[in-house]
Amino acid sequence: MGTKEASPRTVLCLFFLFCLGCKCLASEFEATQTATLKVDASPQLARKIPDTLFGIFFESEKWTACAYFARFEAGGPHTPSNIDPWSIIGDDSSIFVATDRTSCFSRNIVALRMEVLCDDCPAGGVGIYNPGFWGMNIEDGKTYNLVMYVKSPETTDLTVSLTSADGSQNLASATVTVSGTSNWTKLEQKLVAKGTNRTSRLQITTNKKGVVWFDQVSLMPEDTYKGHGFRTELISMLLDLKPRFLRFPGGCFVEGDWLRNAFRWRESIGPWEERPGHFGDVWHYWTDDGLGYYEFLQLAEDLGAAPIWVFNNGVSHNDEVDTVAIAPFVKDVLDSLEFARGGANSTWGSVRASMGHPEPFPVKYVAIGNEDCGKKFYRGNYLKFYNAIRQAYPDIQMISNCDGSSRPLDHPADLYDFHVYTDSKTLFNMRSTFDRTSRSGPKAFVSEYAVWRSDAGRGSLLASLAEAAFLTGLENNSDIVQMASYAPLFVNDNDQTWNPDAIVFNSWQHYGTPSYWMQTLFRESSGAMIHPSKISSSYSGSLAASAITWQDSENSFLRVVNFGSDTVSLTISTSGLQASVNALGSTATVLTSGNVMDENSFSNPTKVAPVKSALSNAAEQMQVTLAPHSFSTFDLALAQSKLVAEM
């Protein structure tokens, strides 16, 4: 241990939350309350927050992770089956389509057989089209890469086009020739859009009578993030959170309602054409697993976040594997870790290398199951996984599904999962949950938290303020709380089965809910120093606060939240800084709105978003006014600071 002099620009960040109990939703009149917040920034009382405190949880849930892959397995392995989401162009007299089991891919045996019946086909031909997920966003001047597998006994010309939803507007078109052969052929075609349409479709047509088979059709924009398949603007929103970890791929998605429909990592790797996909029966949709285990590891790397691999432990919502028969599942998980961490010459590491990533992925955290603690075979299965992983990878931190916040665990673990979805008042009051937790046990991983249902709407200001209060409690208890992540992360606006989510999108738009913006105001907390703070007020039972400092070359910070319906005159005094606060360069950023239930939307994406302004008065003792229902951050510049930080 030691000390060193800090840089002239030191960050001071105070989290403060004010709530008037049951008056959070409304007040007959607005009053002004008074409160004092004292912060002791003395180095000897400071404690370092874990570098991993705040991250993200990305569950493959309800179309949140689907690319424009188009196979024909969604109807199941039996044929003929439905061809959803494909439809035909033409009528029964001109075209006949059905699925059969003639694909060249052994794990994707279902293909589409299209028989053109017309000798004199309509202008534009007949064929099939795919609308993507509630329409494809096609933009003028952008390039889209089409890949498909086809075969035909006779040479046939196909027209591949990007059109409007009704086919009337042609945005891009090209002719590809299918050579007459009994073998499948992979065709690739670039389509450059000459127009913009937000709800486009891909269509494949021909004027020639005959039979053509199709399988494994893929359409992807050329400008995805780092070429890895994600929309750049959505990844930018994740980068703005500065996540320290990425928990994936679920959630309930990992368990499945039934084990036969649970996520299987080895079926989600390798060439996308050869991935069988599966029916996600928890969220009730077919996924091609184009976003698989490898892509999640790659995403964590792109975000600079530690990967946290959540795997199935032989337990689903409705069935379980007896511990005496769990050995194949244990071996499967060990293989998954070799895929991520093994050398390029290892059995599974070589598969990863063949996918373009010879260097190992740094998987140091695994969660053994998801929300399975109460299941009959969970503890027995858990110990089998724990012991095998500990022996093979001693450095990996293992996460139990059992909550250790109020009582000791009866099994070994490095961390334990803590999930909470509740109303705003309850979550606000849970800010002290970990105050009473034993410091001698495993660390807590609050891997899913959110205000939901009536208080949350589709993402309300009220929800975000209660969540902010909860996070201040996690910071104050970050000696025992190692990590935390909001859930869920993404949702497609066309299928909001779960509300709310942090980021809402459709084919071309996106916005962050107030809960997303709240998280951006905590993004500098990981790795910071936390300091004791004390609130004096007649309303102290409804106040929450935390205070942190960190070193930054450009900015200095102080943050405050008001959860109540009254204005608050707050006096903030600090000691231990050994420097005065310089008003020049200090700013205030406020997250608030006219109504506590206000939400963001595509038409008004920043209705509830942080607004920055100059801070007029700044000193070691500050008098600030907090607007009702607000989260304020005060970015403070310290004049020639000589703050000593304990290292």
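Calculation notes
Residues numbered from 1 in each chain as written. Predicted model: local features only at pLDDT ≥ 70, side-chain atom pairs only at ≥ 80, totals over all residues. Heavy atoms only, no water. UniProt positions renumbered as here; feature names shortened; annotations may be inferred. Helix = DSSP H or I, 4+ residues; strand = E, 2+ residues; numbered from the N terminus. Buried < 20%, exposed > 50% of the residue type's maximum accessible area, 1.4 Å probe, protein only. Contact = heavy atoms within 4.5 Å. Areas by Shrake-Rupley, 256 points an atom, 1.4 Å probe, with all protein chains shown as cover. Pairing = 2+ DSSP bridges. Right-handed = clockwise from strand over helix to strand, strands pointing away. Salt bridge = Lys/Arg side-chain N within 4 Å of Asp/Glu carboxyl O. Axes fitted to C-alpha atoms, helices over the stretch in contact; angles between N-to-C directions. 1 Å grid on protein atoms, 1.4 Å probe; cavity = no way out; pocket = protein on both sides within 12 Å on 5 of 7 lines; lining within 4 Å. Points joined across faces, edges and corners; volume = space filled by probe spheres on them.

An unreviewed UniProt entry lists the protein chain under the name non-reducing end alpha-L-arabinofuranosidase, from Panicum miliaceum. What the UniProt record of the protein chain gives under Catalytic activity (unreviewed entry) is the line "Hydrolysis of terminal non-reducing alpha-L-arabinofuranoside residues in alpha-L-arabinosides." Heading Sequence similarities (unreviewed entry) of the UniProt record for the protein chain holds this comment: "Belongs to the glycosyl hydrolase 51 family."

(A) Spatial organisation of the overall build of the protein chain. On a plain count of helices and strands, the protein chain comes out with nine helices and 39 strands. Put simply, the protein chain has 647 residues, and 59% of those count as buried. Partitioning the intrachain contacts of the protein chain with sequence separation of at least 6 by distance along the chain shows that 78% fall at a separation of at least 24. Carbon and sulfur atoms make up 50% of the accessible area of the protein chain, which totals about 25000 Å².

(B) Just the side chain of Asn600, in detail. Along the polypeptide, Asn600 turns up in the loop between strand S35 (581-592) and strand S36 (611-614). On the accessibility criterion, Asn600 (4% relative accessible area) is buried. If we skip the residues at most four places from it in the chain, Asn600 touches Gly459, Tyr511, Gly512, Thr513, Pro514, Trp517, Pro605, Thr606, Lys607 and Val608.

(C) Looking closely at the pairing of strand S25 (residues 443-451). Burial within S25 is extensive, with eight of its nine residues counted as buried. Alignment of strand S24 (residues 415-422) against S25, held across seven bridges, turns out to be parallel. Pairing of Thr422 across the sheet is with Val451, part of S25. Handedness of the S24-helix H7 (residues 424-429)-S25 crossover: right-handed. Of the strand pairs in this sheet, S25 and strand S26 (residues 481-486) are connected by four bridges, and their pairing is parallel.

(D) A look at the pattern of salt bridges. Tallied over the entire structure, the rule returns 24 salt bridges. One salt bridge in this structure joins Lys209 and Asp119, with 3.6 Å as the shortest N-O distance. In this pair, Lys209 is assigned in the loop between strand S16 (197-206) and strand S17 (210-221) and Asp119 in the loop between strand S9 (111-116) and strand S10 (126-130), connecting sequence segments 90 residues apart. For Lys209, a relative accessible area of 44% translates into the label partly exposed. Among the residues examined, Asp119 registers a relative accessible area of 66% and is labelled exposed.

(E) Here's a closer look at the sheet that holds strand S28 (residues 503-505). Reading across the sheet, the three strands line up as S27-S28-S29 and stay open at both edges, with mixed pairing between neighbours. For this open sheet the edge positions go to strand S27 (490-492) and strand S29 (510-512), each flanked by a neighbour on one side alone. Along the sheet, successive strands turn relative to each other by an average axial angle of 20 degrees, direction set aside. Where S28 lies against S29, three bridges are found, and the strand directions are antiparallel. Within S29, the position partnered with Phe505 by the bridge is His510. The strands touched by helix H1 (residues 232-240) within the sheet are S27, S28 and S29, with S29 carrying the most contacts at an inclination of about 10 degrees.

(F) Region of the structure containing empty space enclosed by the protein. Summed over all chains, the structure comprises two cavities of 30 Å³ or more. In this structure, the largest cavity encloses a volume near 100 Å³. Phe54, Gly55, Leu241, Tyr449 and Gln519 are the residues nearest the centre of the largest cavity, which is lined by 13 residues in total. At three residues, S26 tops the list of elements feeding residues into the lining of the largest cavity.

(G) Structural view of the sheet that holds S24. Across the sheet, which stays open at both edges, the eight strands sit in the order S5-S18-S21-S22-S23-S24-S25-S26 with parallel pairing between neighbours. Strands with a single pairing partner mark the edges of an open sheet, and in this sheet they are strand S5 (56-57) and S26. In this fold helix H8 (residues 461-476) packs onto S24, S25 and S26, with an angle of close to 170 degrees to the strand it touches most, S25.

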